[in-house]
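Chains, contacts and geometry: an overview
Chain by chain, the residues:
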Amino acid sequence: AAAAAAAAAAVAVAMGKQKHGFLTPKAISNRIKAKGLQKLRWYCQMCNKQCRDENGFKCHTMSESHARQMRLFRENSGKYMSHYSDMFKKGFVEVLRRRGRNRVKANTVYMEYIKDRHHIHMNSTCWESLSSFVVFLSKQGLAEADQTEKGWYVKWKDTDPDRMARRRAAERLDKMKMTADAVAEKQIQDQVKKAHAHAAAEGQAPEEDKKELKRGADRESLKFGLAAKKVSAPVLKVDGGALFDAAASSAGKKRKKKKEVKKSAMELIMEEQEREKKRKLESNRPKPKEIRKENWLFKDLIVKVMNKKFNSGKYYKKKGKVLKVIDKFVGQIQMLNSGDIIRFDQEQLETVIPGIGKAVLIINGAYRGYEAEMVSLDDDPKKDQPTVTVKIVAGKYEGELVKDVELEDVCKLA
């Protein structure tokens with residue numbers, strides 16, 4: 001009897017479990033609640049456990065697994081705290097970076113960051129509040145922060161050296177892309193200013209600017225009287241025979257000229273063969289090997305000084321000419337503005353990119369040491385950095401057009 005009762009109880013329990021199974025409304029509701037975000041105070045970062053209420057969180061803190069994790073935390077609390085703080089900072093800054101360079105409310109960025117259910121919670125970091133974290137970002141130079149009546153606002157600041165280098169190269173390219181029309185217009189304006197100054201020096205009144213012609217209402221209307229004159233065409237009397245002979249002779253000369261200009265089929269074939277030979281010679285000409293060296297200083301280069309500390313920054317971003325190269329990496333530079341002669345290390349100098357049609361020297365790459373002429377500046381969006389196209393003007397490869405040369409591989413020649 002006892003065995004039968006136990007079996008009946010087991011069947012009842014099994015039936016009860018089957019009744020409240022995986023697809024019951026209560027089970028579905030529990031799973032939906034578990035997927036969503038819950039309150040921050042009921043989350044355990046060490047165990048990555050989210051509890052739905054205070055009772056559940058209390059039960060979790062009394063569990064053996066939580067006690068084991070807390071023992072690990074007590075052994076090296078600084079390590080865990082710094083790890084969670086670093087992860088929180090990276091996630092927050094990544095969300096702010098996706099916002100671009102727009103000024104946005106800090107709480108808006110934080111709400112977007114915590115949408116991820118498995119994000120690092122702020123109560124496990126070294127910052128007590130969002131305000132203290134925003135102040136930390138501002139002091140570290142990772143973002144621009146300002147406090148208003150509506151709260152803290154942040155703006156992302158790009159500190160990646162690669163992106164900053166690409167941006168500087170793009171800015172340099174934009175400066176160099178001044179069109180010929182703009183240059184011509186500037187020259188004309190300079191000439192006009194010089195002419196006005198010269199006229200003022202000689203005591204002459206400069207010409208006034210052209211103004212629109214406006215006629216007042218009290219002025220009378222203008223009338224022009226133009227009488228057309230009859231022009232009689234001159235009558236030429238020419239002998240008919242002579243006129244025919246002259247026309248025939250002129251037509252014969254034209255036909256002779258046309259026959260002389262026209263080339264025979266053999267001549268055309270020979271010219272085509274010559275052109276084909278020339279193309280083959282150019283294609284078979286061996287290309288130079290890729291030469292890349294650490295030293296790029298050459299004599300007569302125009303370089304820019306990038307040393308801020310020397311002489312209180314007097315020569316910072318000033319241009320000079322390389323008079324002499326010492327030990328491959330040191331250049332004796334004559335400043336263009338003052339004429340001072342100073343020695344600078346190669347790391348304190350920067351190449352200068354001239355305008356279109358100016359002389360350059362290829363300082364690195366396959367054509368290292370060859371003089372060339374700047375042909376064009378190419379800004380291909382598929383490439384990380386802009387490139388230039390140059391034409392070799394001297395040496396074995398004279399006349400050859402070299403494309404996709406990096407900006408750092410060419411420098412202006414004096």
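Small disclaimer: the values here were computed from a predicted structure and weren't measured.

1. Notes on the overall build of the chain
A count of helices and strands for the chain gives 11 helices and 15 strands. Residues counted as buried form 24% of the 414 residues belonging to the chain. Counted over contacts in the chain with a minimum sequence separation of 6, partners at least 24 positions apart contribute 48%. Of the roughly 31,200 Å² that the chain leaves accessible, carbon and sulfur atoms contribute 53%.

2. Some remarks on a negative patch on the surface
Residues E171, D174, D379 and D380 make up a contiguous surface patch of negative charge. Tracing the sequence through the fold places D380 in the loop between strand 12 (371–378) and strand 13 (387–392). Taking the relative accessible area as the measure of exposure, D380 reaches 30% and is therefore partly exposed.

3. As for the nonpolar core
Residues F88 and L130 are the most contacted members of the largest nonpolar core, which totals 24 residues. Of all elements in the fold, only helix 5 (77–98), helix 6 (106–113), helix 7 (130–140) and strand 5 (151–156) reach the threshold of two or more residues within this core. Per element, the largest residue contribution to this core is six residues, and it comes from helix 5. Counting 18 residues, the second largest nonpolar core, distinct from the first, contains A169, A366, I392 and V410.

4. So, the sheet that holds strand 12
Neighbouring strands of a sheet are bound in pairs by backbone hydrogen bonds; such pairs are parallel or else antiparallel. In spatial order, the strands read 14-13-12-11-15; together these five strands make up an open sheet with antiparallel pairing. Edge positions in the sheet fall to strand 14 (401–406) and strand 15 (410–412), since each has one partner strand and no second. Each adjacent strand pair in this sheet contributes to an overall mean axis angle of 45°, direction not counted. With three bridges connecting them, strand 11 (residues 359–362) and strand 12 associate as antiparallel partners. Residue pairing for strand 12: L361 is matched across the bridge by E371.

5. Comments concerning the packing of aromatic side chains
Per the stated rule, a full pass over the model turns up 14 aromatic pairs. Ring geometry for Y370 versus Y397: centroids 5.7 Å apart, planes at 75°, classification edge-to-face. You can see Y370 sitting in the loop between strand 11 and strand 12 and its partner Y397 sitting in the loop between strand 13 and strand 14, a full 27 residues away along the chain. The class for Y397 is buried, based on a relative accessible area of 4%. Of the aromatic side chains, those joined through ring pairs into one cluster are F88, F92, Y110, Y113, W127, F133 and F136.

6. A short note on the pairing of strand 12
Here strand 12 runs beside strand 13; their pairing, made up of six bridges, is antiparallel. Across the sheet, residue S376 finds its bridge partner in strand 13, namely T389.

7. Concerning the layout of surface pockets
Taken as a whole, the largest pocket encloses approximately 740 Å³ of empty space. Forming the walls of the largest pocket are 21 residues, and the residues nearest its centre are R168, R172, K304, E350 and T351. Looking at the lining of the largest pocket, the elements that each hand over two or more residues are helix 8 (161–176) and strand 10 (349–351). In terms of residues, the lining of the largest pocket owes the most to one element, helix 8, which gives seven residues. Here the residues of the lining of the largest pocket are counted per class, giving eight nonpolar, three polar and 10 charged. Reported here for the second largest pocket is a volume of approximately 190 Å³. Every residue lining the second largest pocket is listed: Y43, C44, Q45, M46, H66, M70, F73, M81, Y84, N123 and S124. Counting only elements with at least two residues in the lining of the second largest pocket, the list comes to strand 1 (43–44), helix 4 (64–75) and helix 5.

8. Some remarks on the packing of helix 4 against helix 5
At a minimum axis distance of 5 Å, the contact between helix 4 and helix 5 shows a crossing angle of 100°. By the angle between their axes, helix 4 is roughly perpendicular relative to helix 5. Where helix 4 approaches helix 5, its residues L72, F73, R74 and E75 are matched on the opposing element by S77, Y80 and M81. The residue makeup of the contact of helix 4 with helix 5, split by class, is four nonpolar, one polar and two charged.

9. Some points on the confidence of the model for the chain
Any region with low pLDDT has predicted coordinates that should not be read closely. Looking at the chain as a whole, the pLDDT averages 78, with 75% of positions reaching at least 70. Below a pLDDT of 50 lies the segment residues 13–19, which in the model reaches one contact outside its immediate sequence neighbourhood of four places, other chains included.

10. Concerning the side chain of T125
Among the structural elements, T125 can be located in the loop between helix 6 and helix 7. Excluding residues within four positions of it along the chain, T125 makes contact with M81, Y84, S85, F88 and I120.

11. Observations concerning helix 5
Between its first and last C-alpha, helix 5 extends 32 Å over 22 residues, near the 32 Å set by a 1.5 Å rise per residue. Within the sequence span of helix 5, burial applies to Y84, S85, F88, G91, F92, V93, V95 and L96. Packed against the buried residues of helix 5 are strand 3 (104–105), helix 6, helix 7, strand 4 (143–148) and strand 5.

12. Considerations on a positive patch on the surface
A cluster of like positive charges, contributed by R168, K175, K308 and K317, occupies part of the molecular surface. Relative to the assigned elements, K308 resides in the loop between strand 6 (302–305) and strand 7 (319–326). Of the residues examined, K308 reaches a relative accessible area of 57% and is grouped as exposed.

13. Quick notes on the sheet that holds strand 3
One open sheet accounts for three strands, arranged 3-5-4; its pairing is antiparallel. A single partner strand is all that each edge strand has here, and the edge strands are strand 3 and strand 4. As judged from the six bridges shared by strand 4 and strand 5, these two strands associate in the antiparallel manner. Each residue of the ladder has a partner; that of E144, found in strand 5, is K155. Running at roughly 75° to strand 5, helix 5 makes contact with strand 3, strand 4 and strand 5 of the sheet.

What counts, and at which threshold
- Sequence positions are assigned chain by chain, starting from 1 and proceeding in written order.
- Since the coordinates come from a predicted model, pLDDT governs what is reported: local features require at least 70, and pairs of side-chain atoms require 80 or more to be given and counted, while whole-chain, interface and lining totals use all residues.
- Side-chain metrics in this entry use all non-hydrogen atoms of the structure; hydrogen atoms and water are not considered.
- Helix and strand definitions follow DSSP, with helices as H or I runs of at least four residues and strands as E runs of at least two, each counted in order from the N terminus.
- The buried label goes to any residue with under 20% of its type's maximum accessible area, the exposed label to any with over 50%, and the partly exposed label to all in between, with areas taken from a 1.4 Å probe on protein chains only.
- The contact criterion used is simple: two residues touch if any of their non-hydrogen atoms lie within 4.5 Å.
- Under the convention used here, a 1.4 Å probe and the Shrake-Rupley method define accessible areas, while residue burial counts only the protein chains that appear.
- Patches draw on residues past 30% relative accessible area with no salt bridge. Two like charges within 9 Å are joined, as are two nonpolar side chains (Val, Leu, Ile, Met, Phe, Trp, Tyr) within 5 Å.
- Only one rule defines a salt bridge in this text: a Lys or Arg side-chain nitrogen within 4 Å of an Asp or Glu carboxyl oxygen.
- Only four residue types enter the tally: Lys and Arg on the positive side, Asp and Glu on the negative side, with His and both chain ends excluded.
- Taken as the charge location is NZ of Lys, CZ of Arg, CG of Asp or CD of Glu.
- Nonpolar cores were defined as sets of buried Ala, Val, Leu, Ile, Met, Phe, Trp, Tyr and Cys residues, with membership established by side-chain atoms within 4.5 Å.
- When DSSP finds two or more bridges between a pair of strands, those strands are recorded as paired.
- Every axis in this analysis is a line fitted to C-alpha atoms, fitted for helices over the stretch in contact. Angles between the N-to-C directions lie between 0 and 180 degrees.
- Two rings from Phe, Tyr or Trp (for Trp, the six-membered ring) form a pair when their centres sit within 6.5 Å of each other. Planes less than 30 degrees apart are called stacked, planes more than 60 degrees apart edge-to-face, and all others tilted.
- Cavities and pockets are defined on a 1 Å grid built over the protein atoms alone: a cavity is a set of grid points where a 1.4 Å probe fits but cannot escape, while a pocket is an open set with protein on both sides within 12 Å along at least five of seven lines, and lining residues are those with an atom within 4 Å of any such point.
- Grid points are joined across faces, edges and corners, and a volume is the space filled by probe spheres set on the points.
- Lys, Arg, Asp and Glu make up the charged group, whereas Ala, Val, Leu, Ile, Met, Phe, Trp, Tyr, Cys and Pro make up the nonpolar group; the residues left over, Gly among them, are polar.
- Comment on the angle field: the value is read as roughly parallel under 35 degrees, roughly antiparallel over 145, roughly perpendicular from 65 to 115, and oblique elsewhere.
- Note: pLDDT gives the predictor's confidence per residue, expressed from 0 to 100.
- How far a helix is expected to stretch is found by multiplying one less than its residue total by 1.5 Å.

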